[in-house]
Amino acid sequence: MSLTLSSPSSLVDLSFQVPTISAIFSVLTLHAGYNAAIVVVGTTLLGVAAGIIGVFALLRERALMADALAHSALPGLGIAFLVGTALGIDGKSLPLLLCGATLFGVLGTVVVQLLSRLRRLHEDAAIGVVLSSFFGLGIVVMSIIQNSGSGEEGGLSHFIYGQTAALQARDAFLTLGAAALTVIASTLLLKEFRLVCFDEEFARSDGWRVSRIDLMMMTLVVIVTVIGLQSVGILLIIALLVVPPAAARFWTERLPVMIGVSAAIGGVSGYVGASLSALFPRFPAGAVIVVVAGVFFFLSFAFAPARGVVALFVRRFLLRTRVTEDHLLRELYERLEQSNGDGDSLLRIGEGSRVVSLPELSTYRGSTPFARWLHRMLLQQKGYLTLTDRSTLLTERGYLAAARKVQNHRLWEEYLLTHADIPASHVDSSADLVEHTLSPEVVEKLKRKLRQRGTAVPESLHPLGSAFEREVP
Amino acid sequence: MKLFQHQPELTSLSDRPEHSPESPLSVHSVTVAYHEKPVLWDIEYEAPRHSLIAIVGPNGAGKSTFIKACLDLIPRATGLVEFWGKSYRDQRTRIGYVPQRESVDWDFPISAEEVVCMGRYRKIGWFRPITRSHREKALECLEQVGMESFAKRQINQLSGGQQQRVFLARALAQEAELYFMDEPFAGVDAATERSIVGVLEQLKGEGKTVVVVHHDLSTVPEYFDHVLMLNARVIASGPVREVFTDENLKKTYGGRLSLLEEVGEAIARAGRGVR
């Protein structure tokens, strides 16, 4: 318990002592004494192990089962203590306590299984029943121990919230063993775990003993949970199993990568959490670890490039902007085409006839003021439009860009009509969906396929204007 | 469980018809119950070799249950299922399965290729990693269903039809001789339907047997040689030409005459005679 770097503050003193830079540095580099190093290493390893096996528990939809397991362990701890004391062994010996915890934890999950299988109780309800009644039983047993006044029970209630500082070298080695086992088993069984997590029915039809694979997976979950009880505690160990994998899912679509990211998030959470609680002895380490993991989760949720919400909104916004821009240019072109005759003659007309009035365009009218401003700015930025004091001009460049868009649109329409048997009345909206993503290679292919008829842009296949009127709400 | 007490013949081995070891699938006196309510009654069926077999019947007729009971995925109350005269356990390396598409979470972090690789797992065996040759085989199977360019795609980014083709490719990777497919045609696009039909033809050409739960009655005569008409009991089974009749359809689909008329018309339109 010599972990504390600053002197322990009294209960009424609510101020924090800010640790010095050198204290922070020595904790983070494991130089703050043997015990502090043991704690940091132990919780980091726990985070890694929980992060790895948590991925499978999450994908197998067994995450809440792990919570039931942890809560059911409490009466096991108390009863092991009572039995140990009655037999004259040290009631607080860790192997004894962990055996009791494991026994009751497993018993709890077995009861959940039985309840949901035999009496058609939904699994979430069964978990709720078992989790709360076992935990309640545990509290009752704890109070019996406390009232017996042996004075020895002090350490037991630490299991509820966890007490990282109590970790000793042998616990760290135990955690190291569990982490190594998790890594090895998950590597060897990656294929089997993936199979049952993704498609249990197929796995069984394919001849795999699903119950055996599940048993191995749940054994690892039990080991990690029981070892984590001491440092993180019954109430919060579930967080280490669920939060890192859930956060990792935002970063990748690949399982091996997800496992790696989850292990890293779990490990860093354990490392940072244990370090913080070494620097601020007032904070319970388990809670700090979980809060750190929670911060990682929200950062991933928001900013992960693969599935984060910000990335999602940005992608959506960019697509919408591009589509609207295409529509604006196309409508401009088609309006010029209507007032000036066919496309060929347009190429010969001078700047003056390309005066355009954006507010007249139906695409433009349908947008919000901000979007209008944005689109105008974007088109200007690209050099498609220039503003004179009185009017808006479509530049040569803008005109060519618009011509290209219209060409793509009509090529695609024609392709749909001639090769995909789409009725003419539907072809415009179908074309709208695809044309914005046509690559130059595809356009070339389309051109070849349709054998250009000599004009730069095929004629419109539907009455002009109709496409835009439909889009205005 | 009273329901099953007065059927002593079910357990009597002497009454059992001889099952030829030639038949890929023989189902004898199979009854299946969900929560004490029987959904399949005393099913007796022998699948012919080298054929494409459709299982048809109304919703709740026990079509999927039939397949699952054959594959030991759900317990049978009574009865026996044999594959080439032996038990499922002995023969399962010769059997492939395409589950219903809705039975899995398609948001799972896995690519199309990795799903197809699952078809190779039993050949790879416990603890061993997936080798390159198995991966190549998986790609080959994806190619067979026209999905090779989607190999690296996360499965959630595939359309429903493409997902169905991935499942089909996985079954092909199993290199089985008897396939069970649970509604492979449900809700797929035209391209996928053509692809599945192509695969079925190819499997038949290779001398394999395919049992398919099928909803679209109008395509039964076109796609399949044999039909098993099911409505909790076997209503009829045999070659489509002989068995897929108006009368049997009426028996199978019960009182739903309007539907039957519709189907009859559809079949007539398709120009395929129904006796």
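Moving on, we get to the packing of aromatic side chains. Counting across every chain of the model gives 18 aromatic pairs over all chains. Ring centres 6.2 Å apart and planes at 85° place the aromatic pair Phe198 of chain A and Trp106 of chain B in the edge-to-face group. A residue pair is termed interchain when its members come from two chains, as with Phe198 of chain A in helix α8 (residues 190–198) and Trp106 of chain B in the loop between β5 (95–98) and α3 (112–117). Comparing Phe198 of chain A with Trp106 of chain B, the two get one shared label, buried. Taken together, a centroid distance of 6.4 Å and an interplanar angle of 65° make the contact between Tyr223 of chain B and Phe224 of chain B edge-to-face. Judged by its relative accessible area of 11%, Tyr223 of chain B falls in the buried class. Members of the aromatic cluster, joined through ring pairs, are Phe198 of chain A together with Trp106, Phe108 and Phe167 of chain B. In this structure, Lys191 of chain A is placed above the aromatic ring of Tyr121 of chain B, and the distance from its NZ or CZ to the ring centre is 5.7 Å. Of note, Arg94 of chain B hangs over the ring of Trp84 of chain B, and the distance from its end group to the ring centre comes to 3.8 Å.

Turning our attention to the interface of chain B and chain A. Counting from both sides, the interface comprises 35 residues of chain B and, opposite them, 27 residues of chain A. Buried area between chain B and chain A, both sides added, is near 3000 Å², and the carbon and sulfur share of it is 59%. A per-residue breakdown of the area chain B buries against chain A is headed by Pro109, Tyr121 and Trp126 of chain B, which together make up 23% of the total. Linking chain B with chain A are 7 salt bridges. Notably, a salt bridge pairs Arg249 of chain A with Asp107 of chain B, separated by 3.8 Å at the nearest N-O pair. On inspection of chain B and its partner chain A, the count reaches 17 residue pairs in polar contact (both at pLDDT 80 or more).

Put simply, the largest pocket is a space of about 1300 Å³. Along the wall of the largest pocket there are 38 residues; nearest its centre are Arg60, Arg62, Gln113, Glu123 and Asp214 of chain A. The element best represented in the lining of the largest pocket is helix α4 (residues 94–118) of chain A, accounting for 8 residues. If you add up the space inside the second largest pocket, you get close to 420 Å³. Around the second largest pocket, the lining is made up of 23 residues, and of these Arg194, Arg254 and Pro256 of chain A together with Glu114 and Arg135 of chain B lie nearest the centre. Among the secondary structure elements, those contributing two or more residues to the lining of the second largest pocket are α7 (169–188) and α8 of chain A together with α3 of chain B. Across the lining of the second largest pocket, the residue classes tally to 9 nonpolar, 4 polar and 10 charged.

So, how was this worked out
- Residues numbered from 1 in each chain as written.
- Chains lettered and ligands numbered in written order.
- Predicted model: local features only at pLDDT ≥ 70, side-chain atom pairs only at ≥ 80, totals over all residues.
- Heavy atoms only, no water.
- Phe/Tyr/Trp six-rings, centres within 6.5 Å; stacked < 30°, edge-to-face > 60°.
- Helix = DSSP H or I, 4+ residues; strand = E, 2+ residues; numbered from the N terminus.
- Buried < 20%, exposed > 50% of the residue type's maximum accessible area, 1.4 Å probe, protein only.
- Lys NZ or Arg CZ within 6 Å of the ring centre and 35° of its normal.
- Contact = heavy atoms within 4.5 Å.
- Buried area = accessible area lost by both parts, 1.4 Å probe.
- Salt bridge = Lys/Arg side-chain N within 4 Å of Asp/Glu carboxyl O.
- Polar contact = N/O pair within 3.5 Å; in protein donor to acceptor, adjacent residues only side chain to side chain.
- 1 Å grid on protein atoms, 1.4 Å probe; cavity = no way out; pocket = protein on both sides within 12 Å on 5 of 7 lines; lining within 4 Å.
- Points joined across faces, edges and corners; volume = space filled by probe spheres on them.
- Nonpolar A, V, L, I, M, F, W, Y, C, P; charged D, E, K, R; others polar.

By themselves, these are just geometric observations and shouldn't be taken as functional.
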